[in-house]
Amino acid sequence: MKKLKTILLSSIMMLVMSVNLAKAQDATTAELKVKTSAVCDMCKETMEKHMAFEKGVKKSSLDVESKILTVTYNPTKITPEQIRKAVSKSGYDADEVKADPKAYKKLDACCKKGAVCNDKK
Amino acid sequence: MILLLFANSTVAQNISGKVVGTDDKGKKEVLPGANVYWLKTTIGTTTDLDGLFQLANPDTTPAQLIVSMMGYLSDTISVTQPNQIIDVVLKNSVSLTTVVVEEKQNTTLNKLFTPINTEVISGKELLKAACCNISESFSTNASVDVAFTDAVSGAKKIQMLGLDGIYTQVLSENMPMLRGLSAAYGLNYIPGTWIENILVTKGTGSVVNGYESISGQINLEFLKPKEQKKRIFINLYGNHKGRAEANLHYAPKFKNEKWGTLLFAHVSDGGLKNDMNKDGFLDMPLTRQYNFFNRWDFHNQKNFEAQFGIKGLSESRQGGQTNFVNSNERDTSNHYGIGINTNVLEAFLKTGFMFPSKPYKSIGIQYSGKWQQQDMFFGLRDYKGEQKNLYVNFIFANIINNTNHKYKLGASYLYDDYNEKFIDSAFMRTEMVPGVFAEYTYLHAENFSLVAGVRADYHNLHGLFYTPRLHMRYNVTKKTTLRLSGGRGFRTSNVFVENQSVFASSRIVEMNEKLKPEIAWNYGLSANQQFKMFGNEAFINFDFFRTDFENQVIVDLDQSVDKVVFYNLNGQSYSHSLQVDFGMEPVKSVAIKMAYKWYDVQTTYNYELMAKPYVPRHRVMYNMAYSTYMEKWKFDFTTNWFGKSRIPSTVLNPAEYQLPKYSKEYFLLNAQITKKFRKFETYLGCENVLNYTQKNPILDAKNPFGENFDASMVYAPIEGRIIYIGLRMDIK
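Conventions used here
Residues numbered from 1 in each chain as written. Chains lettered and ligands numbered in written order. Predicted model: local features only at pLDDT ≥ 70, side-chain atom pairs only at ≥ 80, totals over all residues. Helix = DSSP H or I, 4+ residues; strand = E, 2+ residues; numbered from the N terminus. Rg over C-alpha atoms; globule rule 2.2 N^0.38 Å. Buried ≥ 20, exposed ≤ 12 C-beta atoms within 10 Å, placed from the backbone. Contact = placed C-beta atoms within 7 Å. Core = buried A, V, L, I, M, F, W, Y, C linked by C-beta atoms within 7 Å. Domains from an automatic or database assignment. Nonpolar A, V, L, I, M, F, W, Y, C, P; charged D, E, K, R; others polar. Pairing = 2+ DSSP bridges. Axes fitted to C-alpha atoms, helices over the stretch in contact; angles between N-to-C directions.

Any chance you could break down the overall build of chain B for me, citing the residues and the numbers?
Secondary structure summary: chain B contains 4 helices and 44 strands in total. For chain B, whose C-alpha radius of gyration is 26 Å, the value lies close to the compact-globule estimate of 27 Å for 732 residues. Its C-alpha atoms give chain B principal-axis dimensions of roughly 90 × 55 × 50 Å. A total of 732 residues make up chain B; the buried ones form 45% of that total. For chain B, the proportion of contacts with a sequence separation of at least 24, taken over those separated by at least 6, is 63%.

As structure tokens, then:
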């Protein structure tokens, strides 16, 4: 029975921990909207994934239609300037910052500027 | 894929549209009878003769609409607003195998649409149990159980419906794979990272894949050459007991898009001697495995496709007493040693041809060949086995009038040559089995589907066998699915390899009659209900199966503590299995799965109906997973509880070597944390957190050549807590 208790306790702890982690985003949160050169859902995936691993970025979401990337971030850890630079590093224009040419070259053909998207999912 | 979307505000209440397909010349053609349905629901319809369809608006937008038809690549369309008019163009595909429409959102999901009750375990789910091969990957899955076999060889076995893994047919991309000498332990030879996903079917399988599935079917889908975004994949694993593994995948890109290849390589080594329970025997054997697989895909981008590959494996295991020296103590009684050396070479070829402008009509041919050699010793007992196998399967697929009625006709030929030697006796046999089959599928996307199949096989040693099978699905409501299945299966057994763990004892092998093929009927019933809980998707699943043996090869450990007796079933042998699964997401990104399983497996041993040993009547599984944004952190926690099971009688042993009638109940706990970085990910985990082990798993360990020695009476882990770390990395 002792073991059962340990198991129950640890799973409850994990649940509480995860709820807390999920709610932990308040005070140091700012939002930034960046106009990008993304074209399709595939670009959305690439860009959001790239941004997720940027220090200080909590969340980012691209609206494919308007090409606007909304970034939720911690302003004590990253500046809007650095965020635009990070977008550029993923291969896309960010407001007035042009896409990093190296990263742009690596993009799939359908994600390049002016490409007509086949919209796979 | 070309997809046109038009927004239209004049039509009300319905999503409507037209489905057309492109043939191999790019010519468009209306597709009647295509399936159109909302993702993760059972709301759907089929297109009419003009390829038109109408569907009620979804509850919420955006919603995912799936359009599928046999012979064409399925498409998922995001519907962003109600009353949208959608035109879909499906590209044709040559279908080598049954086309499975699937959506990879959940890690495990039961498909509501297929008539056959199939559960998909995705590659993501497999990562939850980072170590190491497929037989170990099922620890987070409720339908397949992992069993311990003996105290010395370290091999694990799977079970389905409370029955040994030999009654489960294992397929590699719809071709029979782990047969004959690899039926019992073959899953140990497949590294987890090679697998894209696993399809688990409980109960009887499809007749197209042969006659061997009795309690279930496991289809392994390996990673596909053309779907690899990254060129190189590296996986490293190490645990604190000295086991180390490395996996490497290499998928070069060709200028010519018709070709694709993927190379897999695996090395593992468990080279440290551990004896935690101080019984003088290694807890886990010293192992070394080299494993290699190279596959090729060719598609002429019109109507012909071919896949072929070659696999090679070499594995050695050495267990027994810690001070046993393999090189010069084999076949001596200085120290007790165990060695299992396996070599396998396999090759396969699959070709698919589709008729021009008739994408539903196709011809597929599968060829495979295998050579396996197994060399084992358990103390003074030697075994040598060799299997040569050839297999050809021809499948013709077509429709009757429209795609609501599909059928498959085919013929197969199986050749197996076995050459075995156990101690002083030689056993040789050649099996040649030509067979024919027919399978009819009725699909009505709204709420009903059915698959009925029958095959007849002529076995050169055992005569004619017929194998009828039936599957039905009925959707009571859009979120409630009922399924029924029933069918027959048979297999020939290879007692030495399948029961090798028994040889790690002083038991004398007795076989007084000619063993007949094992034949069983399986019937099943399942119900699946999806609903909302805490605003998220949740499900509850219930199933019940009965397996009834007409004949079975009985492994009798109860008659005497000094013997293991193999004979044909004389009386009843059946298994009842009941499983209840429940899954939900209490908070976003937290997923909980629970399962309860009840098994009643009874076999007639020496005129007495008794519970099958080592199969717990009750089991509980609990799995909890939590991931942060973009899965930068992943936490996973699994608990299994095993109830007591019957231990074969030991009353004839001297008192100090007697075991209780029933095993103890116990918990097994696993936990794992994964951290993802931009370029790679690492994981840290712990198996058997509570450090639970079976006390004194070896009877009379001090006298391994004495008459009371038995290392095969195992129901729980021998190895205690294991802490491991690992790394996964892609290189573009």
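Before we move on, can you summarise the nonpolar core with the specific residues and values?
The nonpolar side chains of a soluble globular protein tend to be buried with one another. Residues Ala 151, Val 170 and Leu 220 of chain B are the most contacted members of the largest nonpolar core, which totals 80 residues. Ignoring sequence-local partners within four residues, the contact set of Val 170 of chain B consists of Met 177, Leu 178, Gly 186, Leu 187, Ile 218 and Leu 220 of chain B.

Can you lay out helix α3 (residues 80-89) of chain A for me, pointing to particular residues and giving the numbers?
Residue and element names in this part refer to chain A. Those residues of α3 that fall on the buried side of the exposure criterion are Ile 83, Arg 84, Ala 86, Val 87 and Ser 88. Those residues of α3 hidden inside the fold are in contact with β1 (30-35), α2 (41-52) and β3 (68-73). Gly 91 sits one or two positions beyond α3 and adopts a positive phi of about 105 degrees.

Lay out the domain arrangement of chain B in plain terms, naming residues and giving numbers.
Residues and elements named next belong to chain B. By domain assignment, chain B separates into domain 1 (3-91) and domain 2 (220-731). Averaged C-alpha coordinates put domain 1 and domain 2 at centres separated by 39 Å. Taken together, the 18 residues of domain 1 in the interface contact 19 residues of domain 2. Put simply, the parts of the chain that give the side of domain 1 that touches domain 2 at least two residues each are β4 (35-38) and β5 (44-46). Tallied by class, the residues present in the side of domain 1 that touches domain 2 amount to 6 nonpolar, 9 polar and 3 charged.

Can you explain the sheet that holds β4 of chain B? Please cite residues and give values.
Residues and elements named next belong to chain B. What the 4 strands build is an open sheet, ordered β5-β4-β7-β8; its pairing is antiparallel. Single-partner strands in this sheet number two, and they are β5 and β8 (75-79). Within the sheet, the average angular offset between the axes of one strand and its neighbour, ignoring direction, is 20 degrees.

Before we move on, could you go through the sheet that holds strand β35 (residues 553-556) of chain B and cite the residues and values that matter?
Two pairing modes exist for strands in a sheet, parallel and antiparallel, and in both the strands are linked by backbone hydrogen bonds. Residue and element names in this part refer to chain B. Spatially, 3 strands are ordered β32-β36-β35 in an open sheet, and the strand pairing comes out mixed. Where the open sheet ends on each side, the last strands, each with one partner, are β32 (508-511) and β35. Across the sheet, the axes of successive neighbouring strands diverge by a mean angle of 15 degrees, strand direction being ignored. Of the pairings in the sheet, the one linking β32 to strand β36 (residues 563-568) comprises 4 bridges and is parallel in character. Note that in β36 the partner of Met 511 across the bridge is Phe 566.

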